[in-house]
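What follows is the residue order along each chain.
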Amino acid sequence: MSGFLFSLRPLPPAVRDRAAASLTFVDGDRPAPFEDGPLAALSVRSDSDALWGPAWDPATGVRVWLGGRLALDEPEWAAAERLPYEGGVACRAVLDEFLHAPEAFPSRQGGAFALAVWDPRDESLHVATERMGYVPVYAWSAADRPALGSHPDVLAAAVGAADLDRTTMAETLAYGRGLAPHTYYRDVRELDPGTVTAWRGGGAPRTRTYWRPQYAADPGATADALGEELAGAITAAVRRRTLPRLGRPALMLSGGADSRAVLYAAHDPARVTSVTLYGEPNAELDLSRALAERAGSTHVALRRSFEHYGLGAADAVRITGGMWNVLDAHYTAFIPEIDAIGAETTLTGCYADYLFKGLTSDRRKRTLFGRNLPLYEFRPYGDRWYSPGRSVAEPWRAAVRERRAAHFAGLDRDDVSDAGRWAYELRRIRPVVREADASSRLLLQRALRWDPIFADRDLIDLYQRVPPSLKLNGQVWERAVARICHGAGDVIDNNTQVRIGVSDTRKMLGFLYGVAYRKAFRRDLDGTPLDGTVSRGSWPNFSHYVRRSDVLPRLWERAAPETSEILDDLLGVSVLDRPLPEWSERVGEHPTLRIVTLKLWLDQHYGASA
């Protein structure tokens, strides 16, 4: 999916054409405009129209568009093909539900989707978001004539929304992301997940919530039983997305646990093309190759240049709308190469950490003799739980504090039960698209036909039933992966350097061996030097990269006057007067590259406005 734009106000042809160009990210993207009465619609896709394109009912004129993907079993695909409608098969299933069970729409559907239904009988537009907020829909309203889109910058440009929200910018610099529903535009908001919003006959919009998450853990459930359930749910989710009718899939494969579970759960792993990104040959690459070979999957290794992140930064900011950090834009320069593989679907292991491995919990590393271990324990609730941040200037610090207090209002900080911790998890993660690593996921979603398996209904159901205490050190997750990947049980997890599913004691011993080895030889276990840009894992040593990049300082040096004024206002110092490496030394590479990302977004915004 590349994107969409819907408007109940006129869109001049020049505005529509600019929007189509802005939503075109790969060579195969096809803009498809549509007009009917007050509706002006634009959808852009690069995948199969026969599967995912709009559908319509010749008898009523009702039409459905899909952003993202639906997750259907083969009998559901076959049934949808037989329905008496025209157009894409997935949208025919939605159309049938809307026509025959409008009060339930879209509760029968699963997957990472956004749906728009146009009913010309009463000139109504119905927009539905999926349960956990994987696919964003942004809305701008002027009286009763809204405009909606998949990309906030494209929507804002189409309607002329120019009033920027500095509180969201300050929050991004301070915490690594901005909370929903706010965007960088005051008048553009993200629709809530699990809802249907309808504009009918020129009247005010009405929003109906069709799904609410609810903690439903069984106190007697064991890690073994939940691991078995999770293995089944992952397998079902992956097989829905690797059915033969959907074409050949590609998988972004690492040497960790999450992506290997996707590969070994596939309908036919031999049909999957596994893709690994790397800087220099290392353990991650070797383990990925071994996993692909065991599964019979073709393996493609794509080498990252030293300046990958700097050279791709401007494109990453344009595609992601500046959300939130070019440090996470891992795929930008590889989009043409991955697209050329010809896969109809791209899969990843993304969001396992958030939903099933305790990343959204308040946790800290256990220690032994003052050293952190690869094991966690709960800590008291805190304001920062994942992404490192930095301070911003007053009054923005107070504005951010007020916004965050409103977002987390009603939660009991004294409730450290599983139910209490799960409530905090949910408030932090939903909508999922707002998480701090969103740049990589938005690149996948908008440019590479990504279908996130953890948007599957079976997995969302299980997410509500796994208590945080069984996520903390991967108790349930590792049992599930071990069940799925039994054919590769001896291939270690590159993140822990031990086999998946071993005891905490074995993890600790493996970790301590690694500490001793690195201290003695100044190299990692795979021979990677500790003081270079290349790491043992998938991504580079960003601290080293920021200090030595020639490209990043050039991105830093010149700025629109408005950009400089906003950054100085948010941070309370003359930001661009200081060299980029100095910022990295003072606040760390994550906050520094966040400033770079916002700086590039502001430059693009004011450049486009000039």
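Described below are features of the structure shown in this document. Because the structure is predicted, anything quoted here is derived from the model rather than measured.

1. Some words on the overall build of the chain
Of regular secondary structure, the chain possesses 24 helices and 19 strands. Whereas a compact globule of 610 residues would reach a radius of gyration of roughly 25 Å, the chain reaches 24 Å, a difference of no more than 12%. Dimensions of the chain along its principal axes, counting C-alpha atoms only, are 75 × 60 × 50 Å. Across the 610 residues of the chain, 59% fall into the buried class. A separation of at least 24 residues holds for 71% of the contacts in the chain among residues at least 6 apart in sequence. Just so you have it, the chain exposes about 23,300 Å², and 49% of that area is on carbon and sulfur atoms. Mean positive and mean negative side-chain charge positions of the chain (76 and 79 charges, respectively) differ by 4 Å.

2. Looking at unusual backbone geometry
The amide bond that connects Ala180 to the next residue, Pro181, takes the cis arrangement and shows omega of 5°. Structurally, Pro181 can be placed in the loop between helix H6 (166-175) and strand S11 (189-190). Along the chain, Arg430 connects to Pro431 via a cis peptide bond; the corresponding omega equals 5°. Within the secondary structure, Pro431 sits in the loop between helix H15 (418-429) and helix H16 (438-447). For Tyr351, which is not a glycine, the phi torsion comes out positive at approximately 85°. In this structure, Tyr351 sits in the loop between strand S17 (345-347) and helix H13 (352-356). Under the relative-accessibility criterion, Tyr351 is labelled buried at 4%.

3. Some words on helix H7 (residues 223-241)
Along its 19 residues, H7 runs 27 Å from first to last C-alpha, staying within 8% of the 27 Å computed at 1.5 Å per residue. Residues of H7 that are buried: Ala223, Leu226, Gly227, Leu230, Ala231, Ala233, Ile234, Thr235, Ala237, Val238, Arg240 and Arg241. Where H7 is buried, its residues meet helix H8 (258-265), S17, H13, helix H17 (457-463) and helix H18 (475-484).

4. Re the packing of aromatic side chains
In the structure shown here, the tally under the stated rule is 22 aromatic pairs. Considering the side-chain rings of Tyr381 and Tyr424, the 4.1 Å spacing of their centres and the 20° angle between planes classify their relative orientation as stacked. Of the two residues, Tyr381 sits in the loop between strand S19 (371-378) and helix H14 (396-407) while Tyr424 sits in helix H15, which places them 43 residues apart along the sequence. By the burial criterion, Tyr381 is buried, and Tyr424 matches it. Three or more aromatic residues link up through ring pairs in this structure, and these residues are Tyr134, Tyr351, Tyr354, Trp385, Tyr386 and Trp450. When the ring centre of Tyr351 is taken as origin, the NZ or CZ atom of Arg441, which lies over that ring, is 4.9 Å away.

5. Description of the state of the cysteines
Taken as a whole and judged by the stated rule, the model has 0 disulfides. Cys350 takes part in no disulfide bond, and the closest cysteine sulfur to it belongs to Cys485, at a distance of 16 Å.

6. Some details on the sheet that holds strand S16 (residues 298-303)
In space, the 4 strands of this open sheet follow the order S16-S15-S14-S17, with parallel pairing throughout. Each edge of the sheet is formed by a strand with only one pairing partner; in this case those strands are S16 and S17. Each strand axis lies, on average, 25° off the axis of its neighbour in the sheet, ignoring direction. Pairing between strand S14 (residues 249-252) and strand S15 (residues 273-278): 3 bridges, direction parallel. Residue pairing for S15: Met252 is matched across the bridge by Val275. Along the sheet face, helix H9 (residues 283-295) touches S15 and S16 and points at about 160° away from the line of S16.

7. Regarding the sheet that holds strand S12 (residues 195-200)
Hydrogen bonds along the backbone pair up the strands of a sheet, which may run parallel or antiparallel. Ordered by their spatial adjacency, 7 strands build an open sheet running S6-S4-S5-S7-S8-S12-S13, and the pairing between neighbours is antiparallel. Each of the sheet's edge strands pairs with one partner strand only, and the pair in question is strand S6 (86-87) and strand S13 (206-209). With 5 bridges connecting them, strand S8 (residues 124-129) and S12 associate as antiparallel partners. Counterpart to Val127 in the pairing with S12 is Thr197.

8. Thoughts on the environment of Ala174
Tracing the backbone shows Ala174 in helix H6. The exposure class assigned to Ala174 is buried, which follows from its relative accessible area of 4%. Along the chain, Ala174 and Gly342 lie 168 residues apart, while their C-alpha atoms are 40 Å from each other. Non-local contacts of Ala174, meaning those with residues more than four positions away in its chain, are made with Arg384, Gly389, Arg390, Val392 and Arg594.

9. A few points about the nonpolar core
Counting residues in each nonpolar core, the largest one holds 120 residues, and the members touching the most others are Met132, Tyr134, Ile234, Phe356 and Phe454. Sorting elements by how many residues they give to this core places H7 first, with 8 residues. Every residue in contact with Tyr134, bar those within four places of it in the chain, is listed here: Ala112, Tyr351, Leu355, Val432, Val433, Gln445, Pro452, Phe454 and Ala455. Ala158, Ala161, Val392 and Leu598 belong to the second-largest nonpolar core, a separate cluster that totals 62 residues.

10. Regarding the side chain of Gln109
Secondary-structure assignment places Gln109 in the loop between helix H4 (89-100) and strand S7 (113-119). For Gln109, a relative accessible area of 4% corresponds to the buried category.

11. With respect to the side chain of Asp57
Secondary-structure assignment places Asp57 in the loop between strand S4 (55-56) and strand S5 (63-68). We note that Asp57 is buried and unpaired, the nearest opposite charge coming from Arg121 at a distance of 6.4 Å. Other than its neighbours up to four places away in sequence, Asp57 contacts Val62, Pro84, Tyr85, Leu95 and Leu99.

12. Notes on the packing of H7 against H18
Axis separation between H7 and H18 bottoms out at 7 Å; the angle between their running directions is 55°. With respect to H18, the element H7 is oriented oblique. Relative to H18, the crossing made by H7 is right-handed. Packed against H7, whose contacting residues are Ala223, Asp224, Leu226, Gly227, Glu228, Leu230, Ala231, Ile234 and Thr235, the element H18 presents Gln475, Val476, Trp477, Arg479, Ala480, Arg483 and Ile484 at the interface. Along the lines of polarity and charge, the residues of the contact of H7 with H18 split into 9 nonpolar, 3 polar and 4 charged.

13. Considering the pattern of salt bridges
Oppositely charged side chains can form a pair if their charged atoms are brought close together. As enumerated under the stated definition, the model contains 38 salt bridges in all. Arg245 is the salt-bridge partner of Glu74, the closest N and O atoms lying 2.8 Å from each other. In this pair, Glu74 is assigned in helix H3 (residues 74-81) and Arg245 in the loop between H7 and S14, connecting sequence segments 171 residues apart. For Glu74, a relative accessible area of 31% translates into the label partly exposed. Residue Asp437 is joined to Arg441 by a salt bridge in which the shortest nitrogen-to-oxygen separation is 3.7 Å. Here Asp437 and Arg441 have matching classes, each one buried. Each of Asp73, Arg240, Arg241, Asp451, Asp456 and Asp458 takes part in a single network of salt bridges with overlapping partners.

Cut-offs applied
Residues numbered from 1 in each chain as written. Predicted model: local features only at pLDDT ≥ 70, side-chain atom pairs only at ≥ 80, totals over all residues. Heavy atoms only, no water. Helix = DSSP H or I, 4+ residues; strand = E, 2+ residues; numbered from the N terminus. Rg over C-alpha atoms; globule rule 2.2 N^0.38 Å. Buried < 20%, exposed > 50% of the residue type's maximum accessible area, 1.4 Å probe, protein only. Contact = heavy atoms within 4.5 Å. Areas by Shrake-Rupley, 256 points an atom, 1.4 Å probe, with all protein chains shown as cover. Lys, Arg positive; Asp, Glu negative; His and termini not counted. Charge placed at Lys NZ, Arg CZ, Asp CG, Glu CD. Expected span 1.5 Å × (residues − 1). Phe/Tyr/Trp six-rings, centres within 6.5 Å; stacked < 30°, edge-to-face > 60°. Lys NZ or Arg CZ within 6 Å of the ring centre and 35° of its normal. Disulfide = S-S within 2.5 Å. Pairing = 2+ DSSP bridges. Axes fitted to C-alpha atoms, helices over the stretch in contact; angles between N-to-C directions. Core = buried A, V, L, I, M, F, W, Y, C linked by side-chain atoms within 4.5 Å. Salt bridge = Lys/Arg side-chain N within 4 Å of Asp/Glu carboxyl O. Parallel < 35°, antiparallel > 145°, perpendicular 65-115°, else oblique. Left-handed = near helix turned anticlockwise from the far one by under 90°. Nonpolar A, V, L, I, M, F, W, Y, C, P; charged D, E, K, R; others polar.

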